[in-house]
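Reading the structure
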Amino acid sequence: MPSPATPDAMRPLDALEQTIRERADAARQGDGGKSYTVKLLTGPLEKLCGKVTEEAGELVEAASEQGDEGRAHFVYEAGDLLYHTLVLLRRHGVDLAEVEHELARRFGISGIEEKASRAK
């Protein structure tokens, strides 16, 4: 059995976040290589934001596809959106745990009540 420190023993999102963090560290040291992740992390913010928007649109489009192939395509697009979102989070220095904490904070609060409580 792999040790808890190895990516094989981690949840896939945690392992992906770790890989993205490692790519960001490599990019800061000038050693990004040909990594797509490094290009997203170091390129124009507008390009990364555009990718997140594009992937969100593709997920929404895939949501209307029927059958097993449609479901598989929807899952694939969800994976793309999550990846690009994690890269955007890393670019802003935000860990997935912070997002999880925010979601946990909202448990037990009606979405309608939460929205009404926001400052206008």
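One can find the structure itself at the top, above this paragraph.
Read on for an overview of the structure. (Residues numbered from 1 in each chain as written. Predicted model: local features only at pLDDT ≥ 70, side-chain atom pairs only at ≥ 80, totals over all residues. Heavy atoms only, no water.)

Further remarks concern the overall build of the protein chain. Check the secondary structure of the protein chain and you find six helices and zero strands. Sequence-ordered secondary structure for the protein chain, helices as α and strands as β, is α-α-α-α-α-α. For the protein chain, whose C-alpha radius of gyration is 17 Å, the value lies well above the compact-globule estimate of 14 Å for 120 residues. By principal-axis analysis of the C-alpha atoms, the protein chain measures approximately 45 × 40 × 40 Å. Counting across all 120 residues of the protein chain, residues that qualify as buried make up 25%. Of the contacts made within the protein chain by residues no fewer than 6 positions apart, 58% connect residues no fewer than 24 positions apart. As displayed, the protein chain has an accessible area near 8600 Å², and 58% of this comes from carbon and sulfur atoms. Counting 16 positive and 22 negative side-chain charges, the protein chain places the centres of these two groups 6 Å from one another. (Helix = DSSP H or I, 4+ residues; strand = E, 2+ residues; numbered from the N terminus. Rg over C-alpha atoms; globule rule 2.2 N^0.38 Å. Buried < 20%, exposed > 50% of the residue type's maximum accessible area, 1.4 Å probe, protein only. Contact = heavy atoms within 4.5 Å. Areas by Shrake-Rupley, 256 points an atom, 1.4 Å probe, with all protein chains shown as cover. Lys, Arg positive; Asp, Glu negative; His and termini not counted. Charge placed at Lys NZ, Arg CZ, Asp CG, Glu CD.)

Summed over all chains, the structure comprises one aromatic pair. Here the aromatic rings of tyrosine 36 and tyrosine 83 are separated by 6.2 Å at their centres, their planes lie at 25°, and the arrangement is stacked. Of this pair, tyrosine 36 sits in helix α2 (residues 36–42) while tyrosine 83 sits in helix α4 (residues 67–91); the two residues are 47 residues apart in sequence, bridging distant segments of the chain. (Phe/Tyr/Trp six-rings, centres within 6.5 Å; stacked < 30°, edge-to-face > 60°.)

Turning our eyes to something else, we now look at the pattern of salt bridges. Inspection of the entire model under this criterion finds ten salt bridges. The partner of glutamate 102 in a salt bridge is arginine 105, and the shortest N-O contact between them spans 2.6 Å. In this pair, glutamate 102 and arginine 105 both sit in helix α5 (residues 96–106), three residues apart, roughly one turn of the helix. With relative accessibility at 27%, the residue glutamate 102 sits in the partly exposed group. The exposure class of arginine 105 is partly exposed, given its relative accessible area of 43%. (Salt bridge = Lys/Arg side-chain N within 4 Å of Asp/Glu carboxyl O.)

So yeah, pure geometry; function would need other evidence.
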